[in-house]
Amino acid sequence: MSTAQEWSNQSAIDFYSQNRHEISDLYASEKIFLPRVLFPGAMVLDVGCASGGFFNIMRSYEPHIEYTGVDLSERAVALAEERYPEAKFMVTEGFGLPFDDNTFDVVHCTSVFNNEPNYQEMLKEMYRVSNRFVLVDIRLLKGIGNQLESVYDIQFNGQNVEATVPYVVNDADEVANFILQLEPKPKALRGTGYFHQVAKEVEPPHNEVCMTMLLIQKGVLEGGPTTLDLEDLPIEFSISNS
Ligand SMILES: C[S@@+](CC[C@H](N)C(=O)[O-])C[C@H]1O[C@@H](n2cnc3c(N)ncnc32)[C@H](O)[C@@H]1O
């Protein structure tokens, strides 16, 4: 089954209709950077927006934003449009965003990279269309080489297996080094997060992984070195920041 089909099944649609629309639905790590990057008039792109819950969350922090949500699930986008007619939504793949370079002040993407083996291509696209901030979450571990991929049988209703998607954990140094090599070189890279148990439906079973929010601030050509602020993460990074 394709990713779009997995995320369009009835239980996924129901889950994201009923959850992730309020600030109180956010994980602790998601509440740190988001309110800091939103400002009046900010043009915001939300990649993997499902039924648009983050529009409501973001406008609770800052009512005057220009929000666009994109998702590859037609069903999710139809629901989002119905629920939030005051926002813009589009059916689009995160790998080829139909926007010019530097269009958005904030590009946001949560709960997508943990199911996406090729986070790099999507992140490059998000960085390209941002003129300031890219805010993403990603699961990290130190010293795993490249990437761990397992299978996640998501049980939205707590009983049946409703959707099977990859479960992806990335190598902390690989991710940080990849970000530091984006062009133009980022002005800043900040992180926050904590180790947390992985859902029990992931096969083969995992121990804890670092649930990480990364805030990338876009730089300019010929800009200086990247400011690093990763002290809030329980991981020691080995990265080259020249
Ligand atoms: C787990 S939900 C997360 C929804 C929301 N961002 C949140 O944090 O609650 C993942 C969503 O991302 C969408 N998605 C997954 N891969 C995508 C891609 N390559 N391009 C666009 N949307 C994608 C899925 O269709 C699904 O609606």
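In case you missed it, the structure is sitting above this.
Here's what I pulled together on the structure shown here. This structure is a prediction, so every number in the text was calculated from the model and none was measured. (Residues numbered from 1 in each chain as written. Predicted model: local features only at pLDDT ≥ 70, side-chain atom pairs only at ≥ 80, totals over all residues.)

### Some remarks on the pairing of strand E8 (residues 188-196)
Okay, so step 1: As defined by bridge partners, E8 adjoins strand E10 (residues 209-217) across nine bridges and the pair is classed as antiparallel. In the sheet register, Phe 195 faces E10, and the bridge partner there is Cys 210.
Okay, so step 2: Relative to strand E11 (residues 227-229), E8 runs parallel, the two being bridged by three bridges. Bridging from a neighbouring strand, Leu 189 pairs with Leu 228 of E11. (Pairing = 2+ DSSP bridges. Helix = DSSP H or I, 4+ residues; strand = E, 2+ residues; numbered from the N terminus.)

### Concerning the pairing of strand E4 (residues 104-109)
Okay, so step 1: With six of its six residues buried, E4 lies for the most part within the structure.
Okay, so step 2: The pairing of strand E1 (residues 43-47) with E4 spans three bridges and is classified as parallel. Note that in E4 the partner of Asp 46 across the bridge is His 108.
Okay, so step 3: Direction of pairing for E4 relative to strand E5 (residues 130-141): parallel, over a ladder of five bridges. Pairing of Phe 104 across the sheet is with Ser 130, part of E5.
Okay, so step 4: Once the chain exits E4 it traverses helix H6 (residues 119-129) before rejoining the sheet at E5, and the crossover so formed is right-handed. (Buried ≥ 20, exposed ≤ 12 C-beta atoms within 10 Å, placed from the backbone. Right-handed = clockwise from strand over helix to strand, strands pointing away.)

### Regarding the site of the ligand
Okay, so step 1: In the vicinity of the ligand lie 20 residues, with Trp 7, Gly 48, Gly 94, Thr 110 and Ser 111 positioned nearest.
Okay, so step 2: Its residues assigned to classes, the shell around the ligand shows nine nonpolar, seven polar and four charged. (Near = placed C-beta within 6 Å. Nonpolar A, V, L, I, M, F, W, Y, C, P; charged D, E, K, R; others polar.)

### Re helix H5 (residues 74-83)
Okay, so step 1: When we look at burial in H5, the residues that qualify are Ala 76, Val 77, Leu 79 and Ala 80. In an axial view of H5, the angular spread of the buried residues amounts to 160°, which keeps them on one side of the axis. Looking at H5, the residues exposed on the side facing more than 90 degrees away from the buried face are Glu 74 and Glu 82.
Okay, so step 2: Elements that come into contact with the buried residues of H5 comprise helix H1 (3-8), helix H2 (10-18), strand E2 (66-71) and strand E3 (88-91). (Arc of directions from axis to C-beta. Contact = placed C-beta atoms within 7 Å.)

### Concerning the packing of H2 against H5
Okay, so step 1: Where H2 meets H5, the closest approach of the two axes is 10 Å, and the angle between their N-to-C directions is 30°. Relative to H5, the element H2 is oriented roughly parallel. Where H2 crosses over H5, the handedness of that crossing is right-handed. In this structure, H2 contributes Ile 13, Tyr 16 and Ser 17 to the contact, and H5 contributes Arg 75, Ala 76 and Leu 79.
Okay, so step 2: Classifying every residue of the contact of H2 with H5 gives four nonpolar, one polar and one charged. (Axes fitted to C-alpha atoms, helices over the stretch in contact; angles between N-to-C directions. Parallel < 35°, antiparallel > 145°, perpendicular 65-115°, else oblique. Left-handed = near helix turned anticlockwise from the far one by under 90°.)

### Let's talk about the environment of Thr 192
Okay, so step 1: Here Thr 192 shows up in strand E8.
Okay, so step 2: Classification of Thr 192 by C-beta neighbours within 10 Å gives buried; the count is 20.
Okay, so step 3: Setting aside residues up to four positions removed in sequence, Thr 192 forms contacts with Ser 29, Ile 32, Phe 33, Met 213, Asp 232 and Leu 233.

### Quick word on the nonpolar core
Okay, so step 1: Judged by nonpolar contacts, the single largest core of 58 residues is most densely connected at Met 58, Val 106, Val 107, Met 126, Val 134, Leu 135 and Val 136.
Okay, so step 2: Among the elements that make up this core, the one with the highest residue count is E10 (seven residues).
Okay, so step 3: Aside from chain neighbours lying at most four places away, what touches Val 107 is Leu 45, Val 47, Met 126, Val 129, Ser 130 and Val 134. (Core = buried A, V, L, I, M, F, W, Y, C linked by C-beta atoms within 7 Å.)

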